[in-house]
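Architecture and fold: a report
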Amino acid sequence: MRLHTKLGPVLASVFLLTACARAQPVVPPPRPLPAPERDFAPFADHHAHLFSLAVATHRTRPPLPPVALPDDLARLLRQRELLPGGREAFRNRLSLAGIYAENAVVIHRDFDNWVQGPVVASLQASLHETLGFGGSTPHLSPVAFERGASVGFVAGYISRGEPGVERHIGEFHLSLTRGRDGNWRIAAESLHLTAPARPEAAPAEALIAELDAAGVQKALVPSSAYWWGSSILPPVDDEYARVREENDWVAAEVARFPARLVGFCSFNPLKSYALDEVARCAKIPAFRGIKLHIADANVDLKNLAHVEQLQRVFQSANQHRLAIAAHIANQDLDFGREHAAIYLDKILPAAPDVAIQIMHLAGHGPAHGGEALAAFAEAIEAGDPRLRNVYFDVASNVMEFMPPGLLEPIARRLRQIGTERILFGTDRPAGGPNFTARTAWQQFRRLPLTEDEFRAIADNVAPYMR
């Protein structure tokens with residue numbers, strides 16, 4: 001079974017900078033830097049994205065277009081929009097009974113939880129009160145509906161302003177049931193005050209400010225140029241030109257802060273231009289490596305042609321002395337030991353002379369890569385030489401919502417791998433505006449590790465970051 005996953009041109013001066021040395025000989029695990037004189041914070045964020053407005057716009061899904069509802073459903077939505085709240089609603093329960101089913105459930109603002117039963121009508125606030133906004137009452141803008149014999153739904157945006165020029169400020173979903181009288185009523189209601197994401201660039205200044213606030217000295221910046229060749233986004237014209245432009249934009253941003261930032265270019269490794277982009281990026285001083293996103297590229301690790309292409313990309317990076325940072329988990333729901341064996345036997349050996357950073361602990365984010373990570377950890381314990389230059393970042397693997405029961409297995413796996421191979425990273429700004437180097441480190445500190453282990457990880461610096 002497959003899982004369908006998984007947010008400008010370069011300045012001319014970038015290409016005139018003196019080329020930095022790219023030779024990356026086989027090295028021992030990162031040497032902790034002496035740090036008693038500085039605050040206890042990670043020296044480096046090994047996974048911090050920058051991206052241009054162009055690629056952010058491509059990544060952000062545009063709002064869905066409105067749909068016209070049948071008269072009976074449109075009438076119900078209008079009744080919900082005009083629903084009074086508070087004491088007036090309590091006094092007018094007969095009219096409310098015509099909107100909600102007897103045992104309806106709603107997400108209620110006052111309780112931040114589901115509320116069920118006849119009391120719903122008297123408890124539920126008006127749309128205006130639910131959102132807590134001043135000004136005019138919002139309205140519901142449907143974008144999808146279904147209507148069967150006895151059940152249906154309507155989903156859409158909560159909006160302000162006139163149709164066609166309205167501003168979406170949230171989303172709603174109404175599950176519907178048809179009563180014995182033939183009228184539709186709300187059986188379940190969920191309103192969310194989360195406006196659709198607006199595309200925004202992530203420039204270098206914002207990252208530098210976050211690093212300074214957290215006491216972090218350096219950051220690895222993987223380009224998001226691969227989004228232009230993504231398997232899960234609409235195709236674009238002049239794809240390779242857009243990939244080059246985004247990589248060049250990141251290179252220019254990194255070059256503005258050469259003492260703080262290190263860049264990795266990116267692309268879909270299955271594309272025909274992949275090897276050309278490796279060679280081109282190798283000539284750009286701001287880049288010291290390449291970033292690959294195996295799931296986004298929809299790489300099938302059981303497809304020999306895909307594996308052979310990955311081998312060519314790894315070989316090319318090795319030839320050009322470019323490090324490799326890779327999101328190695330693909331879209332297979334059963335990603336595990338069998339896939340790890342393919343990496344160990346066929347892919348990692350293609351780049352024996354450069355450092356390889358396995359992102360997200362071989363998984364997709366929170367928690368870790370399960371049996372795939374276990375296979376790597378066991379190979380490291382056994383002294384497998386194919387992993388001598390391999391490191392693992394912990395970007396977004398520990399989040400504040402994770403219960404303690406998920407944290408202990410992560411700590412145990414980190415010890416098995418060896419803390420000298422663990423690289424702190426954030427994956428910013430994927431976690432939102434409040435997800436920074438400071439907050440990511442605070443969340444990572446929830447792991448049941450010792451202070452010495454935390455200090456060892458905080459002081460690790462990958463070879464390509466020195």
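Residues numbered from 1 in each chain as written. Predicted model: local features only at pLDDT ≥ 70, side-chain atom pairs only at ≥ 80, totals over all residues. Heavy atoms only, no water.

**A closer look at empty space enclosed by the protein**
Empty space within the largest cavity amounts to approximately 50 Å³. Taken together, Val394, Ala395, Ser396, Asn397, Val398, Phe424, Gly425, Phe435, Ala440 and Phe444 make up the lining of the largest cavity. Of the residues in the lining of the largest cavity, the class split is seven nonpolar, three polar and no charged. (1 Å grid on protein atoms, 1.4 Å probe; cavity = no way out; pocket = protein on both sides within 12 Å on 5 of 7 lines; lining within 4 Å. Points joined across faces, edges and corners; volume = space filled by probe spheres on them. Nonpolar A, V, L, I, M, F, W, Y, C, P; charged D, E, K, R; others polar.)

**Considerations on the sheet that holds strand β13 (residues 390-393)**
What links the strands of a sheet is backbone hydrogen bonding, and the strands pair in either a parallel or an antiparallel sense. Taken in spatial order, the eight strands line up as β1-β8-β9-β10-β11-β12-β13-β14 in an open sheet, and their pairing is parallel. Single-partner strands in this sheet number two, and they are β1 (44-45) and β14 (422-423). As paired strands, strand β12 (residues 356-358) and β13 are joined by three bridges and run parallel to one another. Paired with Gln357 across the bridge in β13 is Tyr391. The sheet strands contacting helix α8 (residues 239-255) are β8 (218-222), β9 (261-266) and β10 (287-293), and the helix crosses β9 at an angle near 175°. Its contacts with the sheet put helix α10 (residues 304-319) on β10, β11 (323-327) and β12, and the angle it makes with β10 is roughly 170°. (Pairing = 2+ DSSP bridges. Helix = DSSP H or I, 4+ residues; strand = E, 2+ residues; numbered from the N terminus. Contact = heavy atoms within 4.5 Å. Axes fitted to C-alpha atoms, helices over the stretch in contact; angles between N-to-C directions.)

**Some remarks on the packing of α8 against helix α9 (residues 274-281)**
Where α8 contacts α9, the axes come no closer than 12 Å and their chain directions differ by 25°. With respect to each other, α8 and α9 are oriented roughly parallel. For the pair α8 and α9, the sense of crossing is right-handed. Between α8, through Tyr240, Val243, Arg244, Asn247 and Asp248, and α9, the contact on the second element is made entirely by Asp276, Glu277, Arg280 and Cys281. By residue class, the composition of the contact of α8 with α9 is three nonpolar, one polar and five charged. (Parallel < 35°, antiparallel > 145°, perpendicular 65-115°, else oblique. Left-handed = near helix turned anticlockwise from the far one by under 90°.)

**Observations concerning the pairing of β11**
With five of five residues buried, β11 lies mostly within the body of the structure. Because side chains alternate across β11, one face comprises the buried residues Ala323, Ala325 and His327, and the other comprises Ile324 and Ala326, equally buried. Here β10 runs beside β11; their pairing, made up of five bridges, is parallel. Considered in β11, the bridge of His293 is made with His327. The parallel pair β10 and β11, bridged by α10, forms a crossover whose chirality is right-handed. Looking at chain direction, β11 and β12 are connected through three bridges and run parallel. In the strand pairing of β12, Ala325 is matched with Gln357. The handedness of the β11 to β12 crossover, carried by helix α11 (residues 337-347), is right-handed. (Buried < 20%, exposed > 50% of the residue type's maximum accessible area, 1.4 Å probe, protein only. Right-handed = clockwise from strand over helix to strand, strands pointing away.)

**Focus: the confidence of the model for the protein**
A low pLDDT means the predicted coordinates there should not be read in detail. In the predicted model, the protein carries a mean pLDDT of 85, and the fraction of residues at 70 or more is 81%. Low pLDDT, under 50, characterises residues 1-28; the stretch is placed with 72 contacts to residues that sit more than four places away or in other chains. Per-residue pLDDT stays below 50 along residues 31-38; that stretch engages in eleven contacts with residues further than four places along the chain or on separate chains. (pLDDT = per-residue confidence, 0-100.)

**Points about α11**
His339, Ala340, Ile342, Tyr343, Leu344 and Ile347 are the residues of α11 that are buried. Of the surrounding secondary structure, the elements contacted by the buried residues of α11 are α10 and α12 (370-381).

**Let's talk about the side chain of His49**
Among the secondary structure elements, His49 is positioned in the loop between β1 and α1 (53-59). Take His49: its relative accessible area is 7%, and that puts it in the buried class. One polar contact links His49 to His47, side chain to side chain, over a distance of 3.3 Å. Of the polar contacts made by the side chain of His49, one reaches the side chain of Asp427; its length is 3.1 Å. Apart from residues no more than four positions distant in its own chain, His49 is found in contact with Ala202, Pro222, Ser224, Lys291, Asp427, Arg428 and Pro429. (Polar contact = N/O pair within 3.5 Å; in protein donor to acceptor, adjacent residues only side chain to side chain.)

**A few points about the packing of aromatic side chains**
With the rule as written, the count across this model stands at eleven aromatic pairs. One cation-aromatic arrangement involves Arg244 over Tyr240; the distance from NZ or CZ to the ring centre is 4.5 Å. Positioned above the aromatic ring of Phe40, the side-chain terminus of Arg455 is 4.1 Å from the ring centre. (Phe/Tyr/Trp six-rings, centres within 6.5 Å; stacked < 30°, edge-to-face > 60°. Lys NZ or Arg CZ within 6 Å of the ring centre and 35° of its normal.)

**Re the pattern of salt bridges**
As enumerated under the stated definition, the model contains 21 salt bridges in all. Residue Arg386 is joined to Asp345 by a salt bridge in which the shortest nitrogen-to-oxygen separation is 2.7 Å. Of this pair, Arg386 sits in the loop between α12 and β13 while Asp345 sits in helix α11; the two residues are 41 residues apart in sequence, bridging distant segments of the chain. Overall, Arg386 belongs to the partly exposed group, its relative accessible area being 33%. Glu453 is the partner of Arg415 in a salt bridge, and the nearest nitrogen-oxygen pair spans 2.7 Å. Of this pair, Arg415 sits in helix α13 (residues 404-417) while Glu453 sits in helix α15 (residues 451-459), placing them 38 residues apart in sequence. Residue class for Glu453 comes out buried when judged on its relative accessible area of 16%. Bridged by salt links that share partners, the residues Glu205, Glu253 and Arg256 form one connected network. (Salt bridge = Lys/Arg side-chain N within 4 Å of Asp/Glu carboxyl O.)

**Comments concerning unusual backbone geometry**
Peptide bonds are trans in most cases, and residues, glycine excluded, mostly fall at negative phi. Here the bond from Arg428 into Pro429 is cis, since omega is 0°, no more than 30 degrees from zero. Among the structural elements, Pro429 can be located in the loop between β14 and α14 (437-444).

**Overview of the nonpolar core**
Counting 99 residues, the largest nonpolar core has Phe267, Ile324, Phe376, Phe392, Leu414 and Phe444 as the members making the most contacts within it. Top contributing element to this core by residue count: α12, with seven residues. Leave out the neighbours within four places in its chain, and Phe444 touches Val394, Val398, Leu414, Phe424, Leu449, Phe454 and Ile457. Leu73, Leu83, Ile99 and Ala104 belong to the second largest nonpolar core, which has 20 residues in total. (Core = buried A, V, L, I, M, F, W, Y, C linked by side-chain atoms within 4.5 Å.)

**Concerning the pairing of β10**
For β10, the tally of buried residues reaches six of seven residues, placing the bulk of the element in the interior. Pairing between β9 and β10: four bridges, direction parallel. Opposite Cys265, over in β10, you have Ile290 as the bridge partner.

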